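Coordinates in review
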Amino acid sequence: MDIKEIQEEIIDEFSMFDDWMQRYEYMIELGKSLPLIKEEYKTEDNIIKGCQSKVWVHAELEGNKLVFTADSDAIITKGIIAILIRAFSNQKPQDILDADTQFIDEIGLKEHLSPTRANGLVSMIKQLKLYAVAYQTQIEE
Amino acid sequence: MLDIKKIREDFPILKREVNGKPLVYLDNAATSQTPQQVIDTIVDYYQNYNANIHRGVHTLSQEATDKYEQARLKIQKHFNAAKSYEIIFTSGTTHSINLVANGFSSLIKKGDEILVSAMEHHSNIVPWQMLSERTGAILKVIPMNQEGELRMDVYNELLSDKTKLVFCNHISNALGTINPIKEIIDRAHSVGAAVLIDGAQATPHLVPDVQALDVDFYTCSAHKICGPTGVGMLYGKEEWLNKLPPYQGGGEMIAEVTFEKTTYADLPHKFEAGTPNICGGIAFGAALDYMNAIGFDEIAKYEHELLEYATQELEKIDGLKIYGTAKDKTSVISFNIEHIHPYDMGSILDKLGIAVRTGHHCAQPIMDFYKIPGTVRASFAFYNTREEVDVLVTGVLKAKSMLL
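Keep in mind that what you see is a predicted model, and the values were worked out from it rather than measured. (Residues numbered from 1 in each chain as written. Chains lettered and ligands numbered in written order. Predicted model: local features only at pLDDT ≥ 70, side-chain atom pairs only at ≥ 80, totals over all residues.)

1. So, the overall build of chain B
- Regarding its fold elements, chain B presents 14 helices and 17 strands.
- The C-alpha atoms of chain B give a radius of gyration of 22 Å, which matches the 22 Å a tight globule of 404 residues would have.
- The buried share of chain B, taken over its 404 residues, is 48%.
- Intrachain contacts of chain B at a sequence separation of at least 6 include 71% that bridge at least 24 residues. (Helix = DSSP H or I, 4+ residues; strand = E, 2+ residues; numbered from the N terminus. Rg over C-alpha atoms; globule rule 2.2 N^0.38 Å. Buried ≥ 20, exposed ≤ 12 C-beta atoms within 10 Å, placed from the backbone. Contact = placed C-beta atoms within 7 Å.)

In C-alpha cells:
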C-alpha cells in the first residue's frame, strides 16, 4: 500500500469510535504493538526534542525503502508514533517527503492532544521527514 | 465548619464541564480559581474607575489611587508588616525573587556563599545561579531526605560567616512539605545572613506573620490565593529595601530626573517603576478579604482532612507511590503508579474531567533526586470535596486499567 492508502485506512479505523476514551484505548493498543527501536539506538542523538515524554526514533534503509523504529517512555506517545510509523515506514524516502499529513487533522488527533503533546507530534513528523531528506540525498549521491 | 456547598457557589468556573464531565479541579497549587467577589472587583474597576494612579488630579485617578493603596494596607495587615511601604507590588513571586537577586548583585562579592534548598521551584534557583555567575559567589544546596524534608543537620554545617543569603520556600510546590522556616531564619541570622522565603505555596493555606518570623524577604503571588494572575508582592524589611538599588528604571520610581542625575523615589515606589497592574493589585486585596472572611484556620483544618482522606484512598491503589511524605505537609499529593508515565495518567484523567498537573513541576532537582521523569500532582483547595477525591481515585483506577 502507498502512504495515501494507509492514511485512508487509519482514517477509517478512527471513524469507528464514538468517543475519545475509545480512541485513547486504541492508541494505547497501537503503542503496545509499536516496532521497537533497538536499545543501542536509544541515544541522546535519537531523542526528539519538544516532547514532554522521551521519544527515540531510528531510521535505516532496507533496499530503497526507509524503515523507522521508535520508542517512548509514555504509552500514549508510543501510540501516536505507531500511527505515524505505520503511515511512513517502509516507504521510499521521496514518497515520505511528498506525503501530506492531512490525515492527522482528519482523525482529530491534534485537537484532542494537550498542547505539549501536539507540539511533540509536529516535532515527530518533522523528524521523520528530516530522515527522509537525509536518505534521499544519500540515494541520489 | 465550612459550608463547602455555599463556598462552591462563589466559583462560577466550578460549574462547568470538561470533556462532557463535571470539572474536578485539582491543580490548585498551579493556580487557584477566582470567586465571584474578586471577579466583581475586577469588573467594577474597569466599569467605574479605571485610571492611572499616583499622578492624576482628576477624580477617577484619585479613586483608583485610593483603592490601590488600600489594597497595599490590606496586604500589610494580612502579613503583619510593620510599615505599608515594606510591601512592594510585583507581577508575582518570580518577579519578586528577581528583584531581590538583582539587588544583591552590588552587595555580594566573590567567595560569599548563598544557600538554597534542594526542593526549590526553578524560579528560586535560576535567579540565584545568575547572581552567583555575576558576582562569583558560591551557591550551596541544603539537601533533603527521602520523605522530602530538609536536612537541618546539614544546613547547620553549611552555615558559616561566609553565608550571606539563604533562600528557601515556605512550602514545596512539588511535595507539599512545610519547611521549618522560623528555625531556618533564626540560624541564618545567627551568622548574619539574610533570608528570603518564597511563600507562593504557603499563602493559600496559612497566614505568615513576617514580624514574628523576623524574615528579611517574603514573596507571594495573588493567583494562588484566589486573586488574578500577573500580580503579587514582595515584603522586605525597610533596612534591606533601603540597601537594595532599584530594579527597573522608569516613571513612578523617581524623585527628580535631569540628564545629569536622577534621584529615586522613596519606598515603595523606588521598586515600582511604570504603571503597575492597578486592577490586579486591587483584586489581590479583594481576594485576601474573601479568604479572611472564610478564615484561614478553618481552611487549613478542612484541607488537612481532605489531604488525609485522599492520601488514605490513593494509598489503597496497588503500585501507587506518593512522593513527599513529610510529617508536616499541605494538601498536595505527588504520585506515580509503577510502569505508568505521569503524562499518560494526566491525559486520561483530563478526558475524565479531572485537572491535575503532570511533569517535573518546575522542580527538576527533586525529580532527579527520586530518579523519576515527573509525577502526577493533585493539589486540593478549600472548595474541593471528598466526592471529588472519590472521582480522582476512580479516575486513577480507570486510567491504570487502560494503561497497563
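2. Here we look at the interface of chain A and chain B
- The interface of chain A with chain B comprises twelve residues on the first partner and ten residues on the second.
- Secondary structure elements with two or more residues in the side of chain A that touches chain B: α2 (20–32) and α3 (75–88) of chain A.
- Here the residues of the side of chain A that touches chain B sort into seven nonpolar, three polar and two charged. (Nonpolar A, V, L, I, M, F, W, Y, C, P; charged D, E, K, R; others polar.)

3. Topic: helix α2 (residues 36–49) of chain B
All names here are of chain B.
- For α2, with 14 residues, the first-to-last C-alpha span of 19 Å sits near the 20 Å given by 1.5 Å per residue.
- Where α2 is concerned, the buried positions are V38, T41 and Y45. Seen along its axis, α2 keeps its buried residues to an arc of 50°; they face one direction. Opposite the packed face of α2, turned more than 90 degrees from it, sit the exposed residues Y46, Q47 and N48.
- Buried positions along α2 lie against α10 (278–294). (Expected span 1.5 Å × (residues − 1). Arc of directions from axis to C-beta.)

4. Re the pairing of strand β9 (residues 217–221) of chain B
Residue and element names in this part refer to chain B.
- Within β9, five of the five residues are buried, which leaves it mostly tucked inside the rest of the structure.
- Burial along β9 is two-sided: the residues F217, T219 and S221 and Y218 and C220 are all buried.
- Sheet analysis places strand β8 (residues 194–198) next to β9, joined by three bridges and oriented parallel. Pairing of D198 across the sheet is with T219, part of β9. (Pairing = 2+ DSSP bridges.)

5. A word on the domain arrangement of chain B
Residue and element names in this part refer to chain B.
- Each assigned domain of chain B is listed here: domain 1 (4–35 + 295–397) and domain 2 (39–292).
- Domain 1 puts 28 residues into the contact, and the matching count from domain 2 is 32 residues.
- Of all elements in the fold, only α11 (296–315), β14 (332–337) and α13 (364–370) reach the threshold of two or more residues within the side of domain 1 that touches domain 2.
- Considering every element that reaches the side of domain 1 that touches domain 2, the biggest residue donor is α11, with four residues.
- For the side of domain 1 that touches domain 2, the per-class residue count stands at 14 nonpolar, ten polar and four charged. (Domains from an automatic or database assignment.)

6. Some remarks on the nonpolar core
All names here are of chain B.
- Ranked by size, the top nonpolar core spans 143 residues in total, and within it V195 and A287 carry the most contacts.
- Domain assignment of the residues forming this core places at least three in each of domain 1 (4–35 + 295–397) and domain 2 (39–292).
- Those residues in contact with A287, other than ones at most four positions away along the chain, are V38, A222, I225, C226 and G227. (Core = buried A, V, L, I, M, F, W, Y, C linked by C-beta atoms within 7 Å.)

7. Observations regarding unusual backbone geometry
Residue and element names in this part refer to chain B.
- At the junction of L267 and P268, the peptide bond is cis and its omega measures out at 0° in the coordinates.
- Looking at where P268 falls in the secondary structure, it is placed in the loop between β12 (262–264) and α10.
- The backbone phi angle of N19 is positive, close to 50°, even though this residue is not glycine.
- Relative to the elements of secondary structure, N19 occurs in the loop between β1 (17–18) and β2 (21–22).
- For C226, which is not glycine, the phi dihedral falls at a positive 70°.
- Tracing the sequence through the fold places C226 in the loop between β9 and β10 (232–236).
- Taking the number of C-beta atoms within 10 Å as the measure of exposure, C226 has 29 and is therefore buried.

8. Description of the sheet that holds strand β17 (residues 375–379) of chain B
Residue and element names in this part refer to chain B.
- Taken in spatial order, the four strands make up an open sheet running β13-β14-β17-β16, and their pairing is antiparallel. Of all strands in the sheet, those bounded by a partner on one side alone are β13 (320–323) and β16 (357–359). The mean inter-strand angle of the sheet, taken between neighbouring strand axes irrespective of direction, is 30°.
- Pairing geometry for β14 and β17, over four bridges, is antiparallel. If you follow V332 over to β17, its bridge partner there is S379.
- Against the sheet, α11 engages β13, β14 and β17, with an angle of about 145° to β13. (Axes fitted to C-alpha atoms, helices over the stretch in contact; angles between N-to-C directions.)

9. Quick notes on the sheet that holds strand β7 (residues 163–169) of chain B
Residue and element names in this part refer to chain B.
- Pairing within the open sheet is mixed, and its seven strands lie in the order β4-β10-β9-β8-β7-β5-β6. For this open sheet the edge positions go to β4 (87–90) and β6 (138–142), each flanked by a neighbour on one side alone. Sheet twist, expressed as the average angle between the axes of neighbouring strands with direction ignored, equals 20°.
- Pairing geometry for β7 and β8, over five bridges, is parallel. Note on β8: the bridge partner recorded for F167 is L196.

10. Some points on the environment of P12 of chain B
Residue and element names in this part refer to chain B.
- One can find P12 in the loop between α1 (4–9) and β1.
- Given 12 C-beta atoms within 10 Å, P12 falls into the exposed group.
- Note: C-alpha distance between P12 and P35 (23 residues apart in sequence) is 7.2 Å.

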